[in-house]
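# Secondary and tertiary structure notes
Read off the chains here:
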Amino acid sequence: MNIQESANSLEKIVALCKRRGFVYQSAEIYGGLNGVYDFGHLGSLIKSNLRQTWIESLQNPYGCVVMFEGALLGPEAVWKASGHVDHFSDPMVDCLNCKRRFRADDPDIAKGCPACGKKDSWTPVRQFNMMFKTEVGAAADGSSIAYLRPETAQSIFINFKNVLSTTRVKIPFGIAQIGKAFRNEITPKQFLFRMREFEQMEMEWFCKGEMALEYFEFWCAHRLNFYRMIGINMNNIRQRPHEKDELAHYSTCCTDVEYKFPFGWKEMEGIAHRGAFDLTQHSTHSGKDLSVFDEETKTSYIPTVVECSVGTDRTFLMVLFDAYDEDVVEGETRVVLRLAPRIAPIKAAILPLTKKQTEAAMCLYADIKKLGYQIEFDESGSIGKRYRRQDEIGTPVCFTYDFDSDNDGSVTARDRDTTKQERIGIDQVPAYIKKMLEK
Ligand code: GAP
């Protein structure tokens, strides 16, 4: 795929998201806020399906994974200890002509300023810290400085002892968190790929140092299940171990899960052997003992951490790219989102063929809805148009209540992917949906 095709396909995804209300530019009526997005009904349903699947994907044979939800604001001391105040920066240059700002490592700037086209007209490279800084309370002194978290992980580390002493977990175990993170990216781009406010799903696995490499390898292999569960074509997924010079000084090894976007192979998830760095740093800076006692050896030690960290919004974008398709049905091009049923925002649509069947179809809708499935009822427009709409939002099956339904107690089940239709008994509809979701 060339640059133009890649831009076209991104444009199509953005247009679909807007047309069907998956994602909106944040504060759009005020001109928008760059790198910040809002999610509509269908978008938030997909995100909640992704979160649920991620939690399920953490099941493992070695230890518990407990959930956690930390604060978004953290005092400066946390970010000093973690290294973010001093090191969480990107190299930045300004165009001397139009004053726009870019990442110095952006390959596009070698050709000239991406905004005004001026060549070789840059300020020297400076480091730009990506954290959002603020002050808490009325007194504006050094002690009131706080930051919006640039990753969810640190709140897990600083609560390690709280979790250990209030839950029944034993090493090895994991603490998982889904929540917002904020980074003042110099150039947010590719829609949900690089945002300034985004969501992460992070799991920190605490274990003994001598077992960490084994667990690192386990999690590298195990994490691929998540991508299978959300229906990604595994030919578009690869793992890339980091070169030695890419590793943080405290990290022994790190592997990225990458997805083949139209704009290239890109990082989706980082799986990192972080050593005992984080707990040691917080222990030293806070003066609190974060070690655990080993009953076997009767010694205390600081656990080692293996981290699995993936962005929810970036996963959302990947899912849309992977599912987006255009084909020809009855001589017309249709857009179809071939989403895995468990990720699809709407599991099924109930469609009366004409207004005459509305009442009976509505009864079926109410019965299915009671079972807790996210389904839709749609009675307006031609049946073809209604199918197209459901195809575009990724609804795996439509049940059409037609002229024969009253007599034969059946509806037509129309499959999104093949458009094939089959008659099934009305009493079989719940089992049909259940089976589809178990696949
Ligand atoms: N605690 C480790 C950590 O935060 P990271 O590689 O900086 O590692 C983890 O981030 C994941 O978060 C990335 O693989 C990506 O999926 C997501 N992510 C990071 N920055 C992002 C951004 N600006 N916009 C959207 N997602 C982002």
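Our structure's up above, just so we're on the same page.
The paragraphs below set out a description of the structure included in this document. (Residues numbered from 1 in each chain as written. Predicted model: local features only at pLDDT ≥ 70, side-chain atom pairs only at ≥ 80, totals over all residues. Heavy atoms only, no water.)

The environment of the ligand is made up of 19 residues, and the closest members are Glu 151, Met 195, Glu 202, Glu 267 and Met 268. Interatomic distance of 2.5 Å between a side-chain N/O atom of Glu 202 and a nitrogen atom of the ligand. Separating a nitrogen atom of the ligand from a side-chain N or O atom of Glu 307 is a distance of 3.0 Å. Notes on the ligand: free accessible area 550 Å², of which the protein chains cover 88%. Where the shell around the ligand is concerned, the elements lending two or more residues are strand 11 (197-207), strand 14 (264-275) and strand 17 (304-311). It is strand 17 that provides the largest number of residues to the shell around the ligand, a total of four residues. Across the shell around the ligand, the residue classes break down as seven nonpolar, three polar and nine charged. (Near = heavy atom within 4 Å. Polar contact = N/O pair within 3.5 Å; in protein donor to acceptor, adjacent residues only side chain to side chain. Areas by Shrake-Rupley, 256 points an atom, 1.4 Å probe, with all protein chains shown as cover. Helix = DSSP H or I, 4+ residues; strand = E, 2+ residues; numbered from the N terminus. Nonpolar A, V, L, I, M, F, W, Y, C, P; charged D, E, K, R; others polar.)

Hydrogen bonds along the backbone pair up the strands of a sheet, which may run parallel or antiparallel. Spatial strand order, 21-20-22-23-24: five strands in an open sheet with mixed pairing. Each edge of the open sheet is held by one strand with a lone partner, namely strand 21 (375-377) and strand 24 (421-425). When the angles between neighbouring strand axes are averaged without regard to direction, this sheet yields 25°. Here five bridges tie strand 23 (residues 410-415) to strand 24, and the two strands are oriented antiparallel to one another. Along strand 24, the bridge assignment pairs Ala 413 with Glu 422. Sheet strands touched by helix 10 (residues 358-370): strand 20 (348-352), strand 21, strand 22 (397-401) and strand 23. Its angle to strand 21, the strand with the most contacts, is close to 165°. Sheet strands touched by helix 11 (residues 383-393): strand 20, strand 21, strand 22, strand 23 and strand 24. Its angle to strand 20, the strand with the most contacts, is close to 170°. (Pairing = 2+ DSSP bridges. Axes fitted to C-alpha atoms, helices over the stretch in contact; angles between N-to-C directions. Contact = heavy atoms within 4.5 Å.)

These values are about where atoms sit, not about what they do.
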